[in-house]
Every structure is written in structure tokens, then in C-alpha cells.
Amino acid sequence: MNSRSLPANDPDIQTVDWTPTRSAGLKRLEQFVGRSGQAYADTRNFDLGPADRSNTTALSPWIRHRLITEVDVLSAVLARHNPVECEIFVQEVFWRGYFKGWLEQRPSVWASYLQDLDSALQNPGSDYEDAISGRTGIDCFDAWAAELVETGYLHNHARMWFASIWIFTLGLPWQLGADFFLQHLMDADPASNTLSWRWVGGLHTKGKTYLARAENIARYTNGRFHPKGLAATAIPLTESVAHPVCPIPPLAAPPDGPFLLLLTLEDVGGAALMPHEPEAVVGLHGPVDSRSARPQTDFAFGALGHALAKWRQDPIAVRNWAETLLNKVEATGVRRIVTPYAPIGPVRSALDAAEPLLIRQGIEVIRVRRGYDSLVWPHATRGFFGLKKQIPQFLKDLHLTE
């Protein structure tokens, strides 16, 4: 590919309006959907820098918090292109569901990550501080570290290069790098982030690593960077822990009777899943596991805040979810809590910790999973290829193709 393959400057999609609302996400989708065919396939690997996002959707923060959904995106794209024209784009949409489903069936991967992260944080060292401060002397890496902190976003290709340099050139624990991303990315997702770092290091697909190469970085950053001193080899990481596969449990349907709706950062659009309006709404953040000092991004807080504005509510930051929910139940008299299903991650841990205490008080807790997730996740049993083969059937089941 040469520079003639790069997208022409288009001011309408070069700059992203990161407003954390559904309307802003749908606007970005509409702006980009015309490029989601061959133009996307040809240019998606180029990292053109934060001033030009015209070759990538940049939709991940909205999808991450379910301000817009995968079905919204697939529907818009398939209305503009036939499935063959947008095949690469459609596959990228399903990668998110693959990672979610894979981690959902292997919760011990998340538990091991947290344990190893806590150990690594005991004495991270000066090399770690240099890395997160952009003081390594590797031009691209230092620029991406600054970009991540300043903007909350990195191109997907830059994330892969960054992780590879972190692990194989700098020799730092991958868990610290994954944590650095979770602290700052607007689209920070426990599944996609953890498993992508594991994939780069050779843990997700055993023995298969991703090596950042200077010539590849120079080419796909359009000559912006020419890094020196990168590792010439990438020896796969190993782990002694086995991760058993756990089945994904079936869930009950939303109730017909009165309920208290609990919204979290996992799915701020969860009201759309309910059969009728809730009696009351509460929005919580501040999960109990992982680092208590970890900041959430302004995008995530804003997304939850906008979702709650309809009910004139503000998000509540708490460590003990059970106590807050018990108080809300007592105040409203509604003894059934319904919440969008939270996959493996901090929100799930907070709910799992609170639920037994709520049940002992006679309060019913119902977790409602989106149909897309129930359709896709069970197929994330091994590598992505197995799930990819099911995509044509998924699209039919979602009534997006015939």
C-alpha cells in the first residue's frame, strides 16, 4: 500500500466529537458509514495521529458503554454496503463480542490478572515510570504514551505496537501496561484490553506473539515515526495457571412487574431492554476490585450521567454497592432490582459481592443480557476463526441479512 491509498482529508470525520451521548455516537456512525466498505479495509491499519481519525470509526467508546450497540453499527453498515463489500469491517465489530464471550467463559483469567497486577504494583520500578511518562527515548512509544493520557484514545494498531514494545523491548510486566490502558482509555474494556495484551504476549493464542517492527511502524504511521532499538525477537510469555472453561448461564427475561433499574458503566443504555418504565433508577460506579484509586474517564462518567438525566439522577460513587442499593430499596419500596448483565470485570465483581446481601434481605436481583451477547458469546470457545465462520448466520439471526 502506498500513500495514494490513504483517505482523502475529510473535515467531517477527521476530528471526533467525543461527547458521551447516544446522539453523538450515531452522528459519528452516520459520518463514517460510507467508508466502512473497501476504503476501510484498505486504510484501517494506518495510524494518522490524533488530528486525523478519518480512516477509523472511533466508535469504540460509545459501543463500550452501550450508548450505541453492535447491532446499531451492523445495521447501518449493511444498509449501505453488501456483506462482501464490508466483510472486514463486520469482522472487526464481532471481535469485541469474541473477547467478551471468551473471558466470560474463563473468569480465572481476570482473577489472575488482578492478582499479578497487585504484585507488580508493589515495586514497579523506574523503567515503568519512564514508560508511562513517555521518557523511554523510543519516539513512537513516547508519543503514544502522551497521546493516551491526553486524549484517552489510541488507534488499534498503535495499541498493538505499544503493547509489543512494552513487553518485548522494555521488558515490563504486561499487567502494568494493561492497567495503564484501563486507567486512561475512553473505551477501556476488561475483556478486549486484557485479552489483547495477552495476545500480543503469546498467552491468548499460545506461542503466537506480535512483534513491533520499525519498518512497519514507519510505513503505517505515514513516516511520522522511525523508532530505534526495538526488540528483534518476541519470545512468548508463559503462565503456570490453567484456566478452566465455565459455561455461560441462561438468564431470566425482564420482569412485567415494578422494578428498580440499576445502571452501571457496563451498559448505560440498559433502559431500552426493559418492557416498561422502572419505578425508580439508580446509577452506580466505583467497583470494589482492582485498584481503588483507578480513575474513570470523563467519557465513562459522562455517559452514565447522560443516561440518568432523564430521571434527574446523578451517578453515585460507592465502594459498598449493597448498602446503597438497600437504602434505595427502602426509600422506594420496590424490592426487585433489574440491571443489564455485566460481563467479567470490576462491575461484575461489585454486583456479585452485593447480591448475596440483597437476597438475604428478600430483594430479588435480575440481570438482563442483550440478545446479541447471548447469540455471540457462546461461540467464543477457542480462537476467533471459529466464531468468524458463524458471522453469516449471526447476521441472519439478527435479521440484518436474508
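Refer to the preceding data block for the structure.
Residues numbered from 1 in each chain as written. Predicted model: local features only at pLDDT ≥ 70, side-chain atom pairs only at ≥ 80, totals over all residues. Heavy atoms only, no water.

Caption draft 1: Spotlight on the side chain of H204. Mapped onto the secondary structure, H204 falls in the loop between helix 12 (190-201) and helix 13 (214-220). Here the side chain of H204 touches Y98 through a polar contact of 2.9 Å, side chain to side chain. Apart from residues lying up to four places away in sequence, H204 is in contact with Y98, F99, W102, L195, R198 and W199. (Helix = DSSP H or I, 4+ residues; strand = E, 2+ residues; numbered from the N terminus. Polar contact = N/O pair within 3.5 Å; in protein donor to acceptor, adjacent residues only side chain to side chain. Contact = heavy atoms within 4.5 Å.)

Caption draft 2: Main features of helix 15 (residues 321-332). In a regular helix each residue adds 1.5 Å, so 12 residues correspond to 16 Å; helix 15 covers 17 Å between its end C-alpha atoms and thus fits that length. Where helix 15 is concerned, the buried positions are W321, A322, T324, L325 and V329. For helix 15, the arc enclosing every buried residue in end-on projection is 165 degrees, short of the 170-degree limit, so these residues lie on one face. Relative to its buried face, helix 15 has exposed residues pointing more than 90 degrees away, namely N327, E330 and A331. Those residues of helix 15 that are buried are in contact with strand 1 (260-263), strand 2 (280-285), strand 3 (316-317), strand 4 (336-340) and helix 16 (346-360). (Expected span 1.5 Å × (residues − 1). Buried < 20%, exposed > 50% of the residue type's maximum accessible area, 1.4 Å probe, protein only. Arc of directions from axis to C-beta.)

Caption draft 3: Structural context of the nonpolar core. Among the nonpolar cores identified, the biggest contains 103 residues, and F94, W144 and W166 are the most heavily contacted of them. Once you skip the residues sitting within four places of it in the chain, W144 turns out to touch D47, L154, A158, W161, F162, I165, I217, T221 and F225. Membership of the second largest hydrophobic core comes to 20 residues, among which are V318, V334, L351 and V365. (Core = buried A, V, L, I, M, F, W, Y, C linked by side-chain atoms within 4.5 Å.)

Caption draft 4: Seen up close, the sheet that holds strand 4. As summarised here, the arrangement of the 5 strands in space is 3-2-1-4-5, forming an open sheet in which the pairing is parallel. Each having just a single partner strand, strand 3 and strand 5 (364-368) make up the two edges of the open sheet. With 4 bridges connecting them, strand 1 and strand 2 associate as parallel partners. In the sheet register, L260 faces strand 2, and the bridge partner there is A280. Packing of helix 14 (residues 298-309) onto the sheet brings it into contact with strand 1 and strand 2, and relative to strand 2 it is tilted by some 175 degrees. (Pairing = 2+ DSSP bridges. Axes fitted to C-alpha atoms, helices over the stretch in contact; angles between N-to-C directions.)

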